[in-house]
Amino acid sequence: MLKKERAALVQRRLDELYPETPIPLDHSDAFTLLVAVLLSAQCTDKKVNEVTPELFRVAGTPEKMAALGQEKILEIIRPLGLSKQKAKSLDGLSKILIEKHAGQVPQTFEQLEALPGVGHKTASVVMAQAFGIPAFPVDTHIHRLAQRWGLSNGKNVVQTETDLKKLFPRDSWNKLHLQIIFYGREFCTARGCDGTRCDLCRELYPNRKKPVALKKP
């Protein structure tokens, strides 16, 4: 099976499994999505969703977040990993949004990635899910599955993103990246599958006998 054929099969199967793709992180607008995605670094979505209701209750806008201040932000998000750095980033980016963007989340990669704590993946999620601009955020699930499915060589997440964008139609990126994440969490997990066990891995590579040696991002 050629790489393009594998990609087409993956997309068909994921469309069958996940016709709807709700965003796993609870949010109400672009700002709260930005905050939730930033908080999700090295942390589960479930844990973030346990913390954000209180945070958004008292600081659901850049103005309220900046007024809350770094120390009080930290008190609320302390259960999350890297909480001190995240509190500093939320305080800083809120002030920048007020000072440079009239309190609005910017709609370009360059402006988003200039905010404290916001890398390319976080910016990609916000662009895709808040503004509907085609993007392909690559997390550890997508990086892992792209290798197991023979869609990328897995050198790094940048290369994985480039490879996947070439294989899939641009208008499918925003939905597809969530579908792959869902499948990676449910079926093709880091320990539950090694490239030979889940249904998609077996369908794509029916004769594969050896586990896929993953290149970590």
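Note that the structure is predicted; figures quoted are calculated from it, not measured.

Here is what the cut-offs are and how they apply
In every chain, residue numbers begin from 1 and rise along the written sequence. The model is predicted, so local features are restricted to residues of pLDDT at least 70 and side-chain atom pairs to those at 80 or more, both for listing and for counting; the totals for chains, interfaces and linings are taken over all residues. Hydrogen atoms and water are omitted, and side-chain values are computed over all heavy atoms in the structure. Think of it this way: a Phe, Tyr or Trp ring, Trp meaning its six-membered ring, pairs with another when their centres are within 6.5 Å, and the plane angle makes it stacked under 30 degrees, edge-to-face over 60, tilted otherwise. Numbering of helices and strands starts at the N terminus; helices are DSSP runs of H or I of at least 4 residues and strands are runs of E of at least 2. Type-normalised accessible area, obtained with a 1.4 Å probe on protein chains alone, sets the label of each residue: buried when under 20%, exposed when over 50%, and partly exposed for intermediate values. Should the NZ of a Lys or the CZ of an Arg lie within 6 Å of a ring centre and within 35 degrees of the ring normal, that charge is described as sitting over the ring. Cavities and pockets are found on a 1 Å grid laid over the protein atoms alone: a cavity is a set of points where a 1.4 Å probe fits but cannot escape, a pocket is an open set with protein on both sides within 12 Å along at least five of seven lines, and a lining residue has an atom within 4 Å of such a point. Grid points are joined across faces, edges and corners, and a volume is the space filled by probe spheres set on the points. The residue classification treats Ala, Val, Leu, Ile, Met, Phe, Trp, Tyr, Cys and Pro as nonpolar and Asp, Glu, Lys and Arg as charged. All others, Gly included, are polar. Basic side-chain nitrogens of Lys or Arg form a salt bridge, by our definition, when they fall within 4 Å of a carboxyl oxygen of Asp or Glu. The set of buried Ala, Val, Leu, Ile, Met, Phe, Trp, Tyr and Cys residues whose side-chain atoms join them within 4.5 Å is what this entry labels a nonpolar core. Note on contacts: a residue pair is in contact if any heavy atoms of the two residues lie within 4.5 Å.

**Let's talk about the packing of aromatic side chains**
Each aromatic ring pair is described using two quantities: the centre-to-centre distance and the angle formed by the ring planes.
Link 1 in the chain: Enumeration over the complete set of coordinates arrives at four aromatic pairs.
Link 2 in the chain: Plain terms: the ring middles of Tyr18 and Phe182 are 5.6 Å apart, the flat faces sit at 65° to each other, and that makes the pair edge-to-face. In this pair, Tyr18 is assigned in the loop between helix H1 (3-17) and helix H2 (30-39) and Phe182 in helix H11 (residues 173-186), connecting sequence segments 164 residues apart. Taken individually, Tyr18 and Phe182 each receive the classification buried, so the pair is uniform in this respect.
Link 3 in the chain: The interplanar angle of 40° and the centroid separation of 5.0 Å between the aromatic rings of Tyr183 and Phe187 together place this pair among those described as tilted.
Link 4 in the chain: Assessed through its relative accessible area of 2%, Tyr183 is described here as buried.
Link 5 in the chain: Among the aromatic residues, those joined into a cluster by ring pairs are Trp149, Tyr183 and Phe187.
Link 6 in the chain: The positively charged end of Arg208 is found above the aromatic ring belonging to Tyr205, 3.8 Å away from the centroid.

**Observations regarding the layout of surface pockets**
Link 1 in the chain: Reported here for the largest pocket is a volume of approximately 920 Å³.
Link 2 in the chain: Along the walls of the largest pocket sit 38 residues, with Ser40, Ala41, Gln42, Lys121 and Asp139 positioned nearest its centre.
Link 3 in the chain: Breaking the lining of the largest pocket down by element, the ones donating at least two residues are H2, helix H6 (83-101), helix H8 (120-131), helix H9 (140-148), helix H10 (157-167) and H11.
Link 4 in the chain: Here the element with the most residues in the lining of the largest pocket is H8; it accounts for six residues.
Link 5 in the chain: Looking at the lining of the largest pocket, its residues break down into 17 nonpolar, 14 polar and seven charged.

**What to know about unusual backbone geometry**
Link 1 in the chain: Not every positive phi belongs to a glycine, and Leu82 is a case in point at roughly 55°.
Link 2 in the chain: Along the chain, the position of Leu82 falls in the loop between helix H5 (70-77) and H6.
Link 3 in the chain: Positioned with a positive phi, Ala102 is a non-glycine residue whose angle comes to about 55°.
Link 4 in the chain: Assignment of secondary structure puts Ala102 in the loop between H6 and helix H7 (109-113).

**Some points on the pattern of salt bridges**
Link 1 in the chain: Tallying each qualifying case throughout the model produces ten salt bridges.
Link 2 in the chain: A salt bridge links Arg202 to Asp199, with the nearest nitrogen and oxygen atoms 2.8 Å apart. Residue Arg202 and its partner Asp199 are both found in helix H12 (residues 199-204); the two are separated by three residues, about one turn of the helix.
Link 3 in the chain: Take Asp199: its relative accessible area is 53%, and that puts it in the exposed class.

**A closer look at the nonpolar core**
Link 1 in the chain: Formed by 35 residues in total, the largest nonpolar core has its most connected members in Leu55, Ile77, Leu90 and Leu93.
Link 2 in the chain: Within the residue set of this core, elements represented by two or more residues are H2, helix H3 (45-59), helix H4 (62-68), H5, H6 and H8.
Link 3 in the chain: At nine residues, the largest contribution of residues to this core is made by H2.
Link 4 in the chain: Setting aside chain neighbours within four positions, we find Leu55 in contact with Val35, Leu39, Gly60, Met65, Leu68, Ile76, Ile77 and Leu90.
Link 5 in the chain: If you look at the next biggest cluster of nonpolar residues, it comprises 28 residues, including Val10, Tyr18, Leu167 and Cys193.

**Notes on the side chain of Ser83**
Link 1 in the chain: For Ser83, the position within the fold is in helix H6.
Link 2 in the chain: Those residues within four positions of Ser83 in sequence are excluded, and the remaining contacts are Leu74, Ile77 and Arg78.

**Overview of H2**
Link 1 in the chain: Burial runs high along H2: ten of the ten residues are buried.
Link 2 in the chain: Listed as buried for H2 are Ala30, Phe31, Thr32, Leu33, Leu34, Val35, Ala36, Val37, Leu38 and Leu39.
Link 3 in the chain: Each element contacted by the buried residues of H2 is listed here: H3, H4, H5, H6 and H8.

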